[in-house]
Amino acid sequence: KDRNILHNISGSFPKGQITALVGPSGSGKTTILKLCNGLLSPTKGNIYIEGQSIKTIDPITLRKKCGIVLQSAPVIRGTVYDNLALPRQLQNETLAEDEALQLLQEVHLEASFLQHNATELSGGQKQKLAIARTLVNRPSILLLDEITSALDPTSTRDIEQLILTINEKYQVTTVWITHNMTQARSISNYTWILHDGQLQASGDVSLLNSSDNPVIEQLLNGGTA
């Protein structure tokens, strides 16, 4: 309605690198991901992928190119295969079993999981399944919304290593929202620091070490965003 969530934001996410989006709750991080994925449309301004305005890209094509993985890692009732096959079913296509097995291998899940009931997986396993399902469309951009915030430390490290491997192997441009400053420093090449809908700073991840900006310094001293 009459409330602006983001204010005059201008910046870029380097191709093939991992950018961490950090900032307090309500600073506009998730809104930015939804704008990039076409789930929301900006009231003003433009978003470009490699110079092309997303307004000119078919929404289905855009969401194939910009895959999104959510914190909740939603799964549908049925097997792991049923979940992996969903993106293809939406396109009236079929996911071959050998391709499904390859996807499981990529996210470090055993082949035996293919016929498991997806709703009975652990939190970490569901998150791996959600990542694998997003990879079905071979996106060139991955949008990750706090995907480890509900996981135990071991599962968190596993997911972090998985994303680093995917980024290195496929050069996938990755935008990762995280409240964990230690994680942001360790997994990203680049960072955006947001506060109250404004981009306070952007650049090399070393920005997260110290700052003369009191808003950023308070964020860094708190350890979480």
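The structure reproduced in this document is the subject of the present report.

Cut-offs applied
Residues numbered from 1 in each chain as written. Predicted model: local features only at pLDDT ≥ 70, side-chain atom pairs only at ≥ 80, totals over all residues. Heavy atoms only, no water. Helix = DSSP H or I, 4+ residues; strand = E, 2+ residues; numbered from the N terminus. Contact = heavy atoms within 4.5 Å. Buried < 20%, exposed > 50% of the residue type's maximum accessible area, 1.4 Å probe, protein only. Core = buried A, V, L, I, M, F, W, Y, C linked by side-chain atoms within 4.5 Å. Salt bridge = Lys/Arg side-chain N within 4 Å of Asp/Glu carboxyl O.

Looking now at the side chain of Ser-188. Note that Ser-188 resides in the loop between helix H7 (181-187) and strand E7 (190-195). Ignoring anything within four residues of it in the chain, the contact list for Ser-188 reads Ile-18, Thr-19, Ala-20 and Val-205.

Moving on, we come to the side chain of Asn-83. Considering the arrangement of structural elements, one finds Asn-83 in helix H3 (residues 80-89). A relative accessible area of 0% means that Asn-83 is categorised as buried. In this structure, Asn-83 is in contact with Val-75, Ile-76, Gly-78, Ala-118, Leu-129 and Arg-133, ignoring residues within four places of it in sequence.

Next up on the list: the nonpolar core. Counting 34 residues, the largest nonpolar core has Leu-84, Leu-95, Ile-131, Ile-147 and Ile-163 as the members making the most contacts within it. Elements with a minimum of two residues in this core: H3, helix H4 (97-106), helix H5 (123-135), strand E5 (141-145) and helix H6 (153-170). Top contributing element to this core by residue count: H5, with five residues. Residues contacting Leu-84, with those up to four places away along its chain left out, are Leu-95, Ala-100, Leu-104, Leu-114, Leu-129, Ala-132, Arg-133 and Val-136. Counting residues in each nonpolar core, the second largest holds 18 residues, with Leu-21, Cys-36, Ile-57 and Trp-192 among its members.

Inspection of every chain in the model, using the stated rule, returns four salt bridges. The residue Glu-50 makes a salt bridge to Lys-15 at a minimum N-O spacing of 3.1 Å. Placement of the pair is Glu-50 in the loop between strand E2 (48-49) and strand E3 (52-53) and Lys-15 in the segment before strand E1 (18-22), with a sequence separation of 35 residues. Residue Glu-50 is classed as exposed on the basis of its relative accessible area, which comes to 61%. The shortest N-O distance in the salt bridge between Asp-158 and Lys-128 comes to 2.4 Å. Highlighted residues: Asp-158 in helix H6 and Lys-128 in helix H5, separated in sequence by 30 residues. Here Asp-158 falls in the partly exposed class, since its relative accessible area comes to 28%.

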